[in-house]
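# Fold and contact review
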Amino acid sequence: MNTSSSNTTSLRRQPKQKRSQQRVERILAAAAEVFASVGYEAATTHAIASRAGTAIGSLYQFFPDKLAIFHALEERHMEQVRAIHAKLMTPQMAQQPLESMVEQIVETFAVYFEHPGPKVVYIQYCVAPEMFKYFDESFNQSLIQAFATQLRLRNPTLSKEKSELLAEVCLQCYNSLLLVALRSNRTHRKQLYEEMRELLVAYLRPYVGDEELQNEGQPRARESIPYDVLCQQYQLSVRQCQALMFAIAQGGLTIQNFEEICPETSRRTLQRELRQMVEKGLLLPEGKTNRLYYRLNLLWQELASSCDKRK
C-alpha cells in the first residue's frame, strides 16, 4: 500500500504540493520513531519536529498537537490492516493447505509489525484504547467476520455462529501473543511467531483441516447455500440485499447506484447502510470520500456465486 496517498483526515490541512506531502511523511515517520523510543506520554512535538528535520512551526501547520499526529498514524494503520486483510482473505487462500494458509497470515503481519508505526499503534491500543479515534470493537468484528467467512469456504458445513467463534478465538489468541512478541527481542519474537502458527493450526485442524477440502483426492464440492439465507446470516436489510445483488452482478456499486436502486430513501440512510456492509466485510471502499466506489469483497463473491439466488 502506498502510504503517501493515504487520505489522512487527522491533518489540520491537507498537503497539496509534493514538498508538503514529503514533509508530512517525515513528520509521521519521525513521530513513530519517537513514540517507539520514549513512549507516547514522554514524546513532544519539538522532539518529533527535530527528528523530522523540520521547524516546529511547519509541524503545527499540519498537526495541532501530538495526539493529532498519533491519530494520523492510527488511521494509516487501520487502512493498511484492511488492505493486508483483503489480500489475505481470498478464495485462493482458502484453498491452500491449512499450515500454508496460517503461515502466510502470521508471516505477513510479522513483517508488517516490524515497522515502527504499526508497532507503536498496536502497543498503545493495548495500553490506552480510550485515546483512539478510529479503532473500536466494530473493527475487530469486521476482521472476525471476514476470517469466519474464510473458514466457511474451507468447510461449508460450519455454521455462521461456530465459524465466528473460531475466528474470535484465533484473533484474541493472536492479539495476546502479538503484544508479547512486539515487546520482546527479535530472537524471542521469532520463536513466539513459530509457536503461534503451531497453536492456530492445531486449534483449527479439527474444523477446517485439509481433509475438509479433499474427498478421495478431489476438491470437495461446496454445498449450495440459499442467497436469502446468507443475507439473513449477515443481518442485512432489504435495501442492503438489493445493493448486494447489484454488486454481485456488477462487481461493486456507488452511492449513486444505490440511490437509483432505492430512490425513496435519503442519501444519509443509504450511506449508513453501505458503511455497515463495509464493517461486515462484504464491500471494500475505494477512492476518496465524496467519490467512493464500493467493490464487492472477492471472498464473499466466491461464496455467493455458489448460492441459489432465489428471493
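Our structure's up above, just so we're on the same page.
Reference entry: report on the structure contained in this document. Every chain is numbered independently, its residues counted from 1 as its sequence is written. Local features in a predicted model are, by the rule used here, given only for residues with pLDDT of at least 70; side-chain atom pairs are given and counted only at 80 or more, and totals for whole chains, interfaces and linings are based on all residues. The side-chain quantities take in all heavy atoms of the structure and omit both hydrogens and water.

Right, let's get into helix α6 (residues 98-112). Labels follow the DSSP assignment, with helices taken as runs of H or I lasting at least four residues and strands as runs of E lasting at least two, numbered in each case from the N terminus. Residue count minus one, scaled by 1.5 Å, sets the expected span of a helix. In a regular helix each residue adds 1.5 Å, so 15 residues correspond to 21 Å; α6 covers 21 Å between its end C-alpha atoms and thus fits that length. For α6, the full list of buried residues reads Leu98, Met101, Val102, Ile105, Val106, Phe109, Ala110 and Tyr112. The contact definition used throughout considers only heavy atoms, calling two residues in contact when any of these lie within 4.5 Å. Packing partners of the buried residues in α6 comprise α4 (66-88), α5 (91-94), α7 (116-127), α8 (137-154), α9 (160-182) and α10 (186-208). The classification of residues rests on relative accessible area computed with a 1.4 Å probe and restricted to protein chains. Under 20% of the type maximum is buried, over 50% is exposed, and intermediate values are partly exposed.

Take the nonpolar core next. Soluble globular proteins tend to bury their nonpolar side chains together. We call a set of buried residues a nonpolar core when its members are Ala, Val, Leu, Ile, Met, Phe, Trp, Tyr or Cys and they connect through side-chain atoms within 4.5 Å of each other. If you look at the biggest cluster of nonpolar residues, it comprises 68 residues, and the most contacted ones within it are Phe35, Ile48, Phe63, Phe109, Phe147 and Leu204. Throughout, the edges of the domains are those of an automatic or database domain assignment. Shared between two domains, this core holds at least three residues of each, these being domain 1 (15-64) and domain 2 (67-208). Not counting chain neighbours up to four residues away, the residues in contact with phenylalanine 35 comprise Tyr40, Ala43, Ile48, Lys66, Phe70, Leu73 and Val120. Ala243, Leu244, Leu253 and Ile255 belong to the second largest nonpolar core, which has 18 residues in total.

This next bit is on the layout of surface pockets. Every definition here rests on a 1 Å grid over the protein atoms only: cavities are sets of points where a 1.4 Å probe fits but cannot get out, pockets are open sets enclosed by protein on both sides within 12 Å along at least five of seven lines, and lining residues have some atom within 4 Å of a point. Grid points are joined across faces, edges and corners, and a volume is the space filled by probe spheres set on the points. A volume near 610 Å³ is recorded for the second largest pocket. Lining the second largest pocket are 31 residues, and of these Asn140, Leu143, Leu171, Tyr174 and Asn175 lie nearest its centre. Taken together, the elements giving at least two residues each to the lining of the second largest pocket come down to α4, α6, α7, α8, α9 and α10. Top contributing element to the lining of the second largest pocket by residue count: α9, with 7 residues. Classifying every residue of the lining of the second largest pocket gives 25 nonpolar, 5 polar and 1 charged. Classes in brief: Ala, Val, Leu, Ile, Met, Phe, Trp, Tyr, Cys and Pro nonpolar; Asp, Glu, Lys and Arg charged; the others, Gly included, polar.

Describing an aromatic ring pair means giving the distance of the ring centres and the angle of the ring planes. Each pair of aromatic rings taken from Phe, Tyr and Trp, with Trp reduced to its six-membered ring, is defined by centres within 6.5 Å and is described as stacked if the planes are under 30 degrees apart, edge-to-face if over 60, and tilted in the remaining cases. Across all of its chains, the model carries 13 aromatic pairs by this definition. Here tyrosine 112 and phenylalanine 113 contribute two aromatic rings whose centre-to-centre distance is 5.2 Å and whose plane-to-plane angle is 70°, an arrangement assigned as edge-to-face. With relative accessibility at 9%, the residue tyrosine 112 sits in the buried group. Cation over ring: lysine 66 sits above tyrosine 40, and NZ or CZ is 4.4 Å from the ring centre. Put simply, a charge is over a ring when the Lys NZ or the Arg CZ is close to the ring centre, within 6 Å, and near the line of the ring normal, within 35 degrees.

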